[in-house]
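Topology and contacts: notes
Here are the chains, one letter per residue:
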Amino acid sequence: MQQFFKDLVTLTPWHMIFMLGNLLILTLLVKHFLFKPVQKILNERQRRADAMLADAKQAKEQAEAMQAEYEKSLAGAKEEAARLLNQASQTAARNSEETLNAARAQAAELKRKAGEEIEQQRKKALNEVKDEIGGMAMAIASKVVEREIQEKDHQQLIDEFIEKVGDAS
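Structure report, in brief. (Residues numbered from 1 in each chain as written. Predicted model: local features only at pLDDT ≥ 70, side-chain atom pairs only at ≥ 80, totals over all residues. Heavy atoms only, no water.)

**Let's talk about the overall build of the protein**
For clarity, the cut-off: Numbering goes from the N terminus for both helices and strands, where a helix is a DSSP run of H or I of at least four residues and a strand is a run of E of at least two. Exposure is judged per residue with a 1.4 Å probe applied to protein chains only, and the accessible area is read against the type maximum: over 50% gives exposed, under 20% gives buried, and values in between give partly exposed.
Secondary structure assignment for the protein yields three helices and zero strands. For the protein, the succession of helices and strands along the chain, N to C, is α-α-α. With 169 residues in all, the protein has 2% of them scored as buried.

Here it is as structure tokens:
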């Protein structure tokens, strides 16, 4: 048995070559069946991760472009709203001014018509008074012609005339 243990501990060149050959074969097998598939899986994962990063970068660029477009659109909408508000206030001011001018013109026309109507009424009243005075003068003249006028009658006619003129006004 001693020889057996001695053979186990002793290194022979053939034994060493055999072990190195085994190690080389085992290394090639592990490399071929283990490392290459694992490397292939790792490369595939790396490729997918790179693709995901590229997609994320592209999505970020698109989002930034959309945000810029949105901000531009928002600025345009604000400008349009300000323009519409300004236009509406100008239109309201113009309409208000037109309404005021129309009201002033209407008031002036009413005032003019009222003045004309007052003037017509005044002329009518004057004509009525003239007619009445003419009628009274005719009545006095006819009374004078009917009788001879004496001082007393003359005074009485004048008093009647003044009384009638006072009643007419």
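**Here's the deal with a nonpolar patch on the surface**
Which entries qualify depends on this criterion: In this analysis, a patch consists of residues with relative accessible area above 30% that form no salt bridge, clustered at 9 Å for like charges and at 5 Å for the nonpolar side chains Val, Leu, Ile, Met, Phe, Trp and Tyr. Every accessible area reported is derived by Shrake-Rupley at a probe size of 1.4 Å, with residue values counting cover from the shown protein chains alone. Each salt bridge in this description consists of a side-chain nitrogen of Lys or Arg and a carboxyl oxygen of Asp or Glu lying within 4 Å of one another.
The grouping of Leu11, Met16, Leu20 and Leu23 at the surface amounts to a nonpolar patch, some 430 Å² of accessible area in total. By the secondary structure assignment, Leu11 is in the loop between helix H1 (2-9) and helix H2 (13-146). Judged by relative accessible area, which is 64%, Leu11 ranks as exposed.

**Re the pattern of salt bridges**
For the coordinates displayed, the defined rule picks out six salt bridges. A salt bridge links Arg83 to Glu80; its shortest N-O distance comes to 2.4 Å. Placement of the pair is Arg83 and Glu80 together in helix H2, with a separation of three residues, close to one helical turn. Judged by its relative accessible area of 44%, Arg83 falls in the partly exposed class. For Glu80, a relative accessible area of 35% puts it in the partly exposed group.

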